[in-house]
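Report on the structure
Here are the chains, one letter per residue:
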Amino acid sequence: TLFFPCLLLSSTTAAADQKPNFIFIFMDDLGYGDVGFNGHPTTKTPNLDQLAFGGKILTSWYSGCNVCTGSRTSLMTGRQFPRTGMPGVLPSTVNFGLPLNETTIAEQLKVSAGYATGMVGKWHLGQREIYLPGNRGFDYYLGIPYSDDMGDGVESSCSAEQQEEGKEAEMSWSDVDTFSSEEMYRAGGFFEALMTEGVDPLETNDDDLGGKWLPLVYQAPNQPTRILEQPLEFTTLAQKYNAFALKFVEEHKDQPFFLYMPLSHVHTTSNTAELQYSGCNFKGTTKRGRFGDALAESDWIVGNVMQKLKDLNLEEDTLVLFTSDNGPWMIRGLSAGSHGLFT
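To keep things clear, this report deals only with the structure shown in the data block. Remember, it's a predicted structure, so these values are computed and weren't measured experimentally.

What about the overall build of the protein chain?
When you go through the protein chain residue by residue, the secondary structure sums to seven helices and nine strands. Here the protein chain holds 343 residues, and 57% of them are scored as buried. Carbon together with sulfur atoms contributes 50% to the accessible area of the protein chain, which is approximately 14,400 Å² in total.

Some points on the environment of Gln 127
Counting through the fold element by element, Gln 127 comes out in the loop between β4 (116–120) and β5 (140–143). Linking Gln 127 and Val 94, residues 33 residues apart in sequence, is a C-alpha distance of 8.1 Å. Looking at Gln 127, its side chain comes within polar contact range of the main-chain oxygen of Val 94, at 3.3 Å.

Observations concerning the state of the cysteines
Scanning all chains against the criterion turns up one disulfide. In this model Cys 158 forms its disulfide with Cys 280; the gap between the sulfur atoms is 2.0 Å. Residues Cys 158 and Cys 280 share a disulfide whose torsion about the S-S bond is about -80 degrees; that sign makes it left-handed. In this pair, Cys 158 sits in the loop between β5 and α4 (160–164) while Cys 280 sits in the loop between β8 (257–261) and α7 (289–311), placing the two residues 122 residues apart along the sequence. Using a relative accessible area of 11% as the deciding quantity, one classes Cys 280 as buried.

A look at the environment of Leu 312
With respect to the secondary-structure elements, Leu 312 resides in the loop between α7 and β9 (318–324). Leu 312 sits 62 residues away from Glu 250 along the chain, and the two C-alpha atoms are 7.7 Å apart. With residues near it in sequence (within four places) discarded, Leu 312 still touches Val 249, Glu 250 and Lys 253.

Overview of the environment of Asp 317
Along the chain, Asp 317 falls in the loop between α7 and β9. What makes Asp 317 buried here is its relative accessible area of 11%. Sequence separation between Asp 317 and Pro 256 is 61 residues; the distance between their C-alpha atoms is 9.1 Å.

Examining the side chain of Ser 147
Of note, Ser 147 is situated in the loop between β5 and α4. Classification of Ser 147 by relative accessible area gives buried; the value is 1%. At a separation of 3.4 Å, a polar atom in the side chain of Ser 147 contacts the side chain of His 124. Residue contacts for Ser 147: discarding those within four places in its chain leaves Cys 68, Lys 122, His 124, Leu 214 and His 267.

Topic: the nonpolar core
The biggest cluster of nonpolar side chains holds 51 residues, and the ones touching the most others in it are Ile 23, Tyr 241, Phe 257 and Met 261. Per-element tally for this core: the top contributor is α7, with ten residues. Counting 23 residues, the second largest nonpolar core, distinct from the first, contains Phe 24, Val 94, Tyr 115 and Tyr 260.

Conventions we followed
- Residues numbered from 1 in each chain as written.
- Predicted model: local features only at pLDDT ≥ 70, side-chain atom pairs only at ≥ 80, totals over all residues.
- Heavy atoms only, no water.
- Helix = DSSP H or I, 4+ residues; strand = E, 2+ residues; numbered from the N terminus.
- Buried < 20%, exposed > 50% of the residue type's maximum accessible area, 1.4 Å probe, protein only.
- Areas by Shrake-Rupley, 256 points an atom, 1.4 Å probe, with all protein chains shown as cover.
- Polar contact = N/O pair within 3.5 Å; in protein donor to acceptor, adjacent residues only side chain to side chain.
- Disulfide = S-S within 2.5 Å.
- Contact = heavy atoms within 4.5 Å.
- Core = buried A, V, L, I, M, F, W, Y, C linked by side-chain atoms within 4.5 Å.

Here's what the structure looks like:
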């Protein structure tokens, strides 16, 4: 089923033998009709619109699956997801993940071509440490291991001053309170290497505290896996994602890099108002309610990444692709996306 166009921005590199950089932005549950350039009357996506009109719009984009894990499995491996043994959706407390004999695009680029690899956002291919991005070809990772409705987070209130500050302030993910819930995460079994023999890998455990609260996980070379927040803070999540992405590009500007950005927006949550969230600078700023605010915040991140490429003179050497994973979750009503012309 056709869900969303893949936007592609490319140009020739400075030298024929120079390896291009790759940035792949993978929105969660965004619909074909949600973006401004496809005609939504109340959407604010100026940066995505500019990316579309300045690049290529590929209108025959087929998702690998109509739900999260399957689409990500296909994207990472280039294979039809049932052939890997993966289900359409992995629950949050299972001890199974993308089989270790599967090669991801990050592993291929890192090992065969010498790329620096980073990922920020939703993984959903296994949350035990051995299945996390740091063990599947990514040098750096910051994000939620699964969907943001598979556990509860917290959403702090915003003062009037915070909402008037504008969008200039940035928060580094490394500046957050580094209180770690690692013991609870470990006790929940999230650090177990492999599934227990004789246990259904898709069987969930309702008593698993590691699955009750959403974790914000960080991985880096030669460092232990860290849980920066649990429960995570929804209000500042996009700011941390933005800071991580900009820092990764800055620190790897002198070598070829692959940055995978499967943003947690605009998937619905389990416990926030209207089942959506955004930072203080975006709350109440659009005509489309909280969904529109979340989409505007995502557009802001895309704009910042593109500006960073321009500032570092990397725009001509970088291929940027943007798409949705599998289209909107229509049963969520106004909290979810729009099929647009395909409704």
